Structure formats: C-alpha cells, structure tokens
Amino acid sequence: MDVFVLNLLNGISWGSILFLVASGLSLILGVMGILNLTHGAMYMVGAFVGWSIAVQYGLSFWLAALIGGLSAGLISLVIERGFLRHLYKQLNEQVLLTFGLVHILINSTIWIWGARSRAPFTTPFLSGSVSIMGWSYPMTRIAIIVIGGLLATGLWWLTNKTRVGAMVRAGMDDREMTMGLGINLPLVSVGVFFLGAFLAGFAGVIGAQVLGVYPGLAMDILLLALVVVIIGGVGSVGGALLGSMVIGIVDSFGKALFPNFAMFTIYLAMVVSLSVRPRGLLGRKI
Amino acid sequence: MKKKMLLTKLVVFGCIVTLALWSLGVVYAEKSASVEPIKIGALLDFTGVVADLGPRFEAGIKLRLEEANYEVAGRPIQLILEDGGTDVNISFDKAKKLIERDKVTVMIGPLMGGIQLGLAPYLDEQRVLNFSLINIEFPVLKERSNWIGYPGSTYSAYKTMGYYAYDELGYRTMMTSGSDYAAGYSYLGGVADAFKERGGKIIEQQWVPLGTLDFSPYLVATKNADAVAIFFASAGAVARYITQHRGLGVKVPILVTDISSGLEEDTLQELGDKVLGMKGVDNYCWSLKTPMNEKFVAAFEAKYGRKPGGAELNAYVDTSIILAGLEATGGDASFDKLRPAILGLQIETPQGPTSFTPSGHAVVNRYIFEVKYIDGRYVLDPIRMYPNQVDPRD
C-alpha cells in the first residue's frame, strides 16, 4: 500500500511539472494556432537563468523562479514579434522555424553557461522531508504539487471568470468574429504567448528542484509536453491538467510495474487516448 | 689584355658557381620546410546528450600537443577536430570527412559505445588507428584490428568495485541501477560479475531508459540490498538520482561507477553533504598523489583555470600514447608501423603506468575513491588502488 501511495504521489508531482510546461503550450496552440517547438527551450532558459540567480548569486529561489519566467517570456516575445507573427496558419513553416530556433537557443545556452549539467537546487525552506507511511517524502515534491494546483486554479479562474479569459476563449472559437466585435485579439494573443512562455520558464526553476538543469532539457521536456497536449487536448487548461496527470501517473506506475517497457508506457497511453478521443480528452477543435 | 680577359672569365665562372651553390641551398631549405604534417583527427561530441564532454576532451588533447609544441620526431602535427553530435549518422559523415578528405592517419574517438560499434566496420576497412576516449566495447577491440582501447573496456572498467564491495565493505547483496544501453550493460555487468565471483548475490538489475528525468519509481522499488551500484550516461543523471535518492530517504548506500565523471568537480561542490562518504570507482581523479599527476594538474589549471577530470586525462593520455608511438617509429604514422609500436609501449601517465595487450586493451590502474571534506572543499580521495586491470576475456 505504501509503495502504491508513493508512486501515486510521485506521479502527481511529475505530472505537476509537466502541467506547468504543457499548459502554456496548449494555450498558445489553442489561441494562436502556433505550434511553438521552442517551448521546451523556454523551460531550459528559465532553469539556467534561475540557477544563476539562486545558486551562482545566492539570491532568493522564488525571485529566481520569477526572473526565470520573465526571461523566457521576453525571449518568446522577440521570437513571436520577429518571426512567428509572419507565419500564422503555416504549420510546416512554424515547425521548421521553431525547431531551428531550438538549436540556436540550446547552443547559445551552452555558449553562456557551458554544457555542464547542474545538480537540483531548492530553497532551504523546502530542503527537508515529511514522513508518509513510513517513507521520507521530500518537501520539494509536495511544493511542486501545491504550486501546480494553485496554478491550475489560477489559470482556470483567468480563462473562465475574467473578461480577458472570455476574449481568449472567444478567440479560440471564432477569431474573425471576435476581432469583428472590436476586440484587439492580436494583443490578447501576444499576451497569451508571453504568459505561456513565462509559465515554461517558471516551470524550469520549479522543476529544477527535482530534475536539475542541463541543455538537453529543451528537447527532453518538449517531447513530454507535446504528449500531454495531445492527450489532454489543445487550448484547454483542464485538458493540460488531465493530460499531465495521466502521463505522470502512467509513467510512474509504468516504470514501477513494467520496467522492461518503461520506454513505451506513456506513448502507449497516447496511442490509446488518440484512438478513443482524437481531439484529446478535453480538447477544442483547432 | 690577355690577363684582363682571364680575370673576367674567372669572375664570371665564380659567379656562376656561387649562384649554382646558392640555388641548391635554397632548394634544400625549401624541401626541409615542406615536411608533411602528421594529421590527427578527433571525432568529439560538442552537441547532443554528451555535449559537456567534447570541450573537456579537446582541452586534454590540446594541452598535450602544446607541451610537445605540435611536433614529434621532426614532423609538425595538425589536429583536426569534428563534432559527431552524439549521433551515429553525423559521426559517420564526419569520420568519412576526416579520413577521406583530410587524410588523417590517426583518430581519437568516437566516444559512445553504440557509435563505436556502428562505425567499426568502416573504420577497420580504412586502416586508421582509432583511440577510444573513455572505455571501449570489448567486441570492437577484439573483432577489429584498428582500435587502441584506453583506459580499457567497458566490462573491465569498474569490476574492481564489485571486488571492493565484497572484500572490504563486507557487502553480500547488491542491486544495480543503470542506463538501458550497450555500455550500461557492460559497465554494470562487470561490477555484478566481479561481486558474484567473490560469492555475493545480485538481487536485481534495474535498466533505466536513457534520458529518464524522474527516477522516483525506480527508487521506490529499490530492494533491501547492502548497496546499489549505479551507472547513468545522461548528463546530470547521477546528480539527479542521488538527490532524488536522498529526498526519498532510501537507505541503501550508493556505489558510483565512473565517479570522477558522475561527480565531477563543480557537481561535487553543489551536492555537498548529500554525497559525503559516498564511494565509487574510476581510473582517475585530480587528487591522485603522484609527482607526474601533480605536474599535470598544475599545467592544466594554469591553462584552463580549473582542475582536470577523467575526460581531460583520458584525452591527454591518448595523445601522449600517439606521440610516444610516433617517436618510436621515427615519425612514421602509417598503420602498419604505428600500431605495433604503440602495442609495445610502456609509459608513465598522470594516473599511473600504462601498457597494452596484443589486442590493444590498455593495462591500467583503477582506483576506489571516497567523497571527503578536506580544506573546505568536497574531494574524491583515493583510498584503494587495483593495479594492472585488464578484461578477463582478452
């Protein structure tokens, strides 16, 4: 029983990290119709910037998370304004462009910080553990679950209970009608793009408590985020939450119960999900 | 009048002779200056999952070549570096370029075991002498005639930890947790076989997919063994595993293979108390106390501002072996002369004496290290030496 509970908690904490990354990707794809493959690189950039703030300069971990998010958001704004806004509805070109930018961002990161990986880091307040069914469970994972929950609540409130959220949902449903009603949808879209990238960069620092920091994170985390969006559905915060929890828990129990098939369990879950609901569990039509 | 004509003829003749002698001298000087350089290729990885190692290997190679003034046996040396991208297709293209276009006769790398296996038939066919950068897959060494395996094979590399765990730590049960790929099976296979050879029992072997970020399911499944021996290839994986292991309060002690790379200098300081007392095996750490190593560490620090790790040392020694071999052949870099010359070498290196078996497997010392806190820093302190290690299948 204790092993079951631990694996469940591990799955939820892992899923929370994935939610922080995938929620932004899902919103960007849903609102703007942009498949932004630099999203994983934003996670990586946030993580490295956060490492510099928290470890290299010894400042506050929470400040590091904030600045990590802002750095990712600002870089993404440059990418959107400079490149992506010219490629709306051109999916192939978006994929090629953003894939190329991923390599540029990875190599720029290596140029600035070096290729050496950094050990996981956290704030002293979270460096302890709590006892759960006789096991010691790290506070960092509890914090990740709490932060994921708070963020999910905040995003749900933003998209469902605010005027801005109504604009975002309207833009996802019918772009032309929304703009016809006088809503400055391009501005809203840019705001969503910034928010999505901010979340990725913020996730980079929060996730660094467990995953550490290294340049390869850009691709490793992107792949998982894409799987979450496929399963959860595009443009839905609820879908991103559901998808990330499915992946987190399936991955956790898959490795524990079927270690020989550990490489395949999440992709098997993706195949099953697509067979049952091709649009994703809670997805909107793109 | 006659005397004047004779004098004129003598002067003209003298000028012609002088001009002829001078011309011969110029030709000779030009010929000496155009001695063909010895081309050494280095197929390293500056991008991909092991991108952190490429610059480290490069540092070791260049330090050694600079010490030799880029010259050996009267011939200049030209180093040509390429990025294999930790990808077999890219590595193959770059190897072709080094061999067929750049005409290198000696090549350092590739690093990864899977890529070595993939390129082995082509490299063997081209008769280019290849040097491994870390440990080599034994089938490559045994079945191909063009490899020099320094510091040894993946299977033999960390066997001594299996012996140490049983003989000196008194462990009787062990589990292993490692990356699910060729080198992972070899490294931990060697540890497990050595442990079993002494009478120990391997309870379980976990194989973790490359690129795994969250080890918690494997940690929760850790059996109640005396120790868990680990090997992970991915960047930062050892630090992640240890942090997650400590966070979940897993009590089974960790034995780290490849400890000098897995807990390299900066990572060691970052992990701090989490790794205090941890033991592991490797062929090198800067803390080895030999005069030659102290000189090497000082030179490396003076040039690069940091201490050398195992990667830097391996590349440095690979280059030293190449230079020693070329000295022995008088600068003849052809495969048929250089390979036997190298196999006959016995040289001192910063990590100890090195010689070779007929198949090209290096015979080296292996060390057990323990993480200690000395003079305000966490260091890998060598606590046991196993001399002259080879692969038992050789």
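Undergrad: Is there a simple way to explain the interface of chain A and chain B in this structure?
TA: Interface size, as often reported, equals the accessible area lost upon joining of the parts. The interface is formed by 31 residues belonging to chain A together with 28 residues belonging to chain B. Within the residue set of the side of chain A that touches chain B, elements represented by two or more residues are α1 (2-32), β2 (135-138), α8 (185-211) and α10 (237-257) of chain A. Top element by residues in the side of chain A that touches chain B is α1(A). It accounts for five residues. Partitioned by chemical class, the residues of the side of chain A that touches chain B number 18 nonpolar, nine polar and four charged.

Undergrad: Got a minute to help me understand the sheet that holds strand β5 (residues 129-131) of chain B in this structure?
TA: Pairing between the strands of a sheet is mediated by backbone hydrogen bonds and can be parallel or antiparallel. All names here are of chain B. Spatial ordering of the open sheet is given by β2-β3-β1-β4-β5-β7, a layout of six strands whose pairing is mixed. A strand with exactly one partner marks an edge of an open sheet, and here the two such strands are β2 (71-72) and β7 (147-148). Taken together, the seven bridges between strand β1 (residues 38-44) and strand β3 (residues 75-83) define a ladder with parallel strand orientation. Pairing of A42 across the sheet is with L81, part of β3.

Undergrad: For this particular structure, what's the right way to read the nonpolar core?
TA: One recurring pattern in soluble globular proteins is that nonpolar side chains are buried together. Counting residues in each nonpolar core, the largest one holds 211 residues, and the members touching the most others are L18(A), V21(A), A225(A) and V228(A). When residues in this core are grouped by element, the largest group, 17 residues, is from α8(A). Of the residues that make up this core, three or more belong to each of domain 1 (38-153 + 289-364) and domain 2 (156-285 + 367-389) of chain B. In contact with V228(A), not counting residues within four places along its chain, are L18(A), A22(A), A240(A), G243(A), S244(A) and I247(A).

Undergrad: I keep staring at α10(A) and nothing clicks. Help me out?
TA: What sets the pattern is the α-helix's 3.6 residues per turn: residues three or four places apart point alike. Taking 1.5 Å of rise per residue, 21 residues should cover 30 Å, and α10(A) covers 30 Å from first to last C-alpha, within 8% of that figure. Burial runs high along α10(A): 17 of the 21 residues are buried.

Undergrad: Teacher, can you tell me more about the packing of helix α7 (residues 159-167) of chain B against helix α8 (residues 182-197) of chain B here?
TA: The angle between the axes and the distance between the axes are what describe a pair of packed helices. Residues and elements named next belong to chain B. Running from amino to carboxyl end, α7 crosses α8 at an angle of 35 degrees, the nearest separation of the two axes being 7 Å. The handedness of the crossing between α7 and α8 comes out as right-handed. Contacts between α7 and α8 involve K159, M161, G162, Y163, A165 and Y166 on the former and, on the latter, G190, V191, A192, D193, A194 and F195. By residue class, the composition of the contact of α7 with α8 is eight nonpolar, two polar and two charged.

Undergrad: Which parts of the structure should I look at to understand the environment of G178(B)?
TA: All names here are of chain B. Within the secondary structure layout, G178 lies in strand β9 (residues 173-179). Under the C-beta neighbour-count criterion, G178 is labelled buried, with 26 such atoms within 10 Å. Along the backbone, G178 and Q206 are 28 residues apart, and their C-alpha atoms lie at a distance of 6.3 Å. Discounting chain neighbours no more than four positions away, the residues touching G178 are G184, Y187, L188, W207, V208, I230, F231 and F232.

Undergrad: What is the right way to read the domain arrangement of chain B from this model?
TA: All names here are of chain B. According to the domain assignment, chain B contains domain 1 (38-153 + 289-364) and domain 2 (156-285 + 367-389). The distance between the C-alpha centroids of domain 1 and domain 2 comes to 27 Å. Each side of the interface is counted separately: domain 1 has 20 residues, and domain 2 has 17 residues. For the side of domain 1 that touches domain 2, the secondary structure elements donating two or more residues are α4 (113-126), β8 (152-153), α14 (310-328) and β16 (362-374). For the side of domain 1 that touches domain 2, a count of residues per class yields eight nonpolar, eight polar and four charged.

Undergrad: Which parts of the structure should I look at to understand helix α13 (residues 291-304) of chain B?
TA: Residues and elements named next belong to chain B. Between the first and last C-alpha of α13 there are 20 Å, a value that for 14 residues agrees with the 20 Å anticipated at 1.5 Å per step. Turning to α13, its buried residues number three or more, namely N293, F296 and F300. An end-on view of α13 places all buried positions within 60 degrees of arc, on one side of the element. In this structure, α13 carries P291, K295, A298 and A302 as exposed residues pointing more than 90 degrees from its buried face. Looking at the buried positions of α13, the neighbouring elements they touch are α2 (53-67) and α14. Of the residues trailing α13, G305 is marked for its positive phi of about 75 degrees.

Rules behind the numbers
- Residues numbered from 1 in each chain as written.
- Chains lettered and ligands numbered in written order.
- Predicted model: local features only at pLDDT ≥ 70, side-chain atom pairs only at ≥ 80, totals over all residues.
- Contact = placed C-beta atoms within 7 Å.
- Helix = DSSP H or I, 4+ residues; strand = E, 2+ residues; numbered from the N terminus.
- Nonpolar A, V, L, I, M, F, W, Y, C, P; charged D, E, K, R; others polar.
- Pairing = 2+ DSSP bridges.
- Core = buried A, V, L, I, M, F, W, Y, C linked by C-beta atoms within 7 Å.
- Buried ≥ 20, exposed ≤ 12 C-beta atoms within 10 Å, placed from the backbone.
- Domains from an automatic or database assignment.
- Expected span 1.5 Å × (residues − 1).
- Axes fitted to C-alpha atoms, helices over the stretch in contact; angles between N-to-C directions.
- Left-handed = near helix turned anticlockwise from the far one by under 90°.
- Arc of directions from axis to C-beta.

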